[in-house]
Amino acid sequence: QDSIRGSERHFFKALLLIEVAKEFSPRLSEDQDELEEKGYTSSIRSKQFSSLMEAIILEFYSSIDCTRHVVTTIYKKHRGVRESTRKFFQAAFDGRIAETVPLDIRDAFKNAQWYDELRRIRDALTHSDVGSCHLDMTSQTISYMHPGLGDNKRAFTIKDIFAYLATLKIQINQFMGKVFNCLNATLLDKEVRLICGIFNGFIYSRFVRPSEAINFDSGKCNAWFDNSVANCPFAGKCDAYNRKVVDHRHIGILMKK
């Protein structure tokens, strides 16, 4: 479950950081202003922005890593399945994953041709130096450069980092969508208990089937203690609340005594 949650939460954390970076980006011009005024600049705004960019890339990679972990945990006994994100992608590229692993999952990994470049950047950021960003005053685009990812002639450069991240977001979102849509189809349509939240020391939960897990209104509320010792903060706006499993409020009162 931690990896399933991690796939989603790392992805949305990356999206939140992108919005933070967009709000911060106008400040990059302050480095140029400082250079013109003092004849030098600490480039602190560029360094701060670069840190955001690299954090976003690492968060995107973490969402992929969590997705791979979900798949390899489920299909760990099948041929070609490796407990390594890099090795599992390579096995998919080479067609070495067993046909007993669903075709849609194998195709999702095999068609992720963007993965190798992202992995190279991630490896460099994790095990080597950091990169830098530069604002082009004419085009107002922001480039990202990492010297350790280039060759003998030039450093690795992404000319428009926001455009790169926008494309990467779509690619990763589609990749994870294909994987989890396939995995969801393998679930038994059996009612399970899900936690809605913890409020005032009480755990609120519901029972829901995979086939009906569409939104926050799905399922049947299991807050048996509600109205006796606590009140659900979603009572007035949750349809699941109106479909309580059974009224166990008297049990809550007895337990309290």
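For the structure, check the block above.
These numbers come from a predicted model, not from an experiment.

Novice: Help me understand a nonpolar patch on the surface, please; the structure alone is not making it clear to me.
Specialist: A cluster of nonpolar side chains, namely I195, I198 and I203, defines an oily patch on the protein surface of about 300 Å² accessible area. Tracing the backbone through its elements, the reader meets I198 in strand β4 (residues 192-199). Its relative accessible area of 59% is what places I198 among the exposed residues.

Novice: Hey, could you run me through the packing of helix α1 (residues 2-24) against helix α7 (residues 161-185) in this one?
Specialist: Each pair of packed helices can be summarised by the angle the axes make with each other and by the distance between the axes. Taken N-terminus to C-terminus, the directions of α1 and α7 make an angle of 165 degrees; their axes are 12 Å apart at the nearest point. In this view, α1 runs roughly antiparallel relative to α7, as classed from their interaxial angle. In this structure, α1 meets α7 at a crossing whose hand is left-handed. Facing S7, F11, L15, I18, A21 and K22 of α1, the residues of α7 in contact are F162, L165, K169, I172, N173, M176 and F180. Residues that form the contact of α1 with α7 fall into these classes: 9 nonpolar, 2 polar and 2 charged.

Novice: Even after reading the chapter, I still don't get the sheet that holds strand β6 (residues 220-221), so can you show me in this structure?
Specialist: Paired through their backbone hydrogen bonds, the strands of a sheet run either parallel or antiparallel. Strand order in the open sheet formed by 3 strands is β4-β5-β6, with antiparallel pairing between adjacent strands. Looking at which strands have only one partner, the edges of the open sheet turn out to be β4 and β6. Pairing geometry for β4 and strand β5 (residues 202-208), over 7 bridges, is antiparallel. Within β5, the residue paired with I198 across the bridge is I203.

Novice: Just checking my understanding: could you explain helix α5 (residues 103-110) for this structure?
Specialist: Quick reminder: α-helices carry 3.6 residues per turn. Residues three or four places apart thus point the same way. Along α5, the residues classified as buried are I105, R106, A108 and F109. What you see down the axis of α5 is that its buried residues fit within an arc of 160 degrees, all on one side.

Novice: Looking at this structure, I do not really get the pairing of strand β2 (residues 142-146). What am I missing?
Specialist: Of all the 5 residues making up β2, 4 are buried; the element is thus mostly covered by neighbouring parts of the structure. Pairing of strand β1 (residues 132-135) with β2, which is carried by 4 bridges, proceeds in the antiparallel orientation. Bridge pairing in β2 links L135 to I142. Linking two consecutive strands that pair antiparallel, namely β1 and β2, is a turn of 6 residues; a positive phi of about 65 degrees is found at Q140 within it. Where β2 and strand β3 (residues 156-158) come together, 3 bridges link them in antiparallel fashion. Bridge pairing links H146 to F156 in β3.

Reading the values: the criteria
- Residues numbered from 1 in each chain as written.
- Predicted model: local features only at pLDDT ≥ 70, side-chain atom pairs only at ≥ 80, totals over all residues.
- Heavy atoms only, no water.
- Patch = residues over 30% accessible without salt bridge, like charges linked within 9 Å, V, L, I, M, F, W, Y side chains within 5 Å.
- Areas by Shrake-Rupley, 256 points an atom, 1.4 Å probe, with all protein chains shown as cover.
- Salt bridge = Lys/Arg side-chain N within 4 Å of Asp/Glu carboxyl O.
- Helix = DSSP H or I, 4+ residues; strand = E, 2+ residues; numbered from the N terminus.
- Buried < 20%, exposed > 50% of the residue type's maximum accessible area, 1.4 Å probe, protein only.
- Axes fitted to C-alpha atoms, helices over the stretch in contact; angles between N-to-C directions.
- Parallel < 35°, antiparallel > 145°, perpendicular 65-115°, else oblique.
- Left-handed = near helix turned anticlockwise from the far one by under 90°.
- Contact = heavy atoms within 4.5 Å.
- Nonpolar A, V, L, I, M, F, W, Y, C, P; charged D, E, K, R; others polar.
- Pairing = 2+ DSSP bridges.
- Arc of directions from axis to C-beta.

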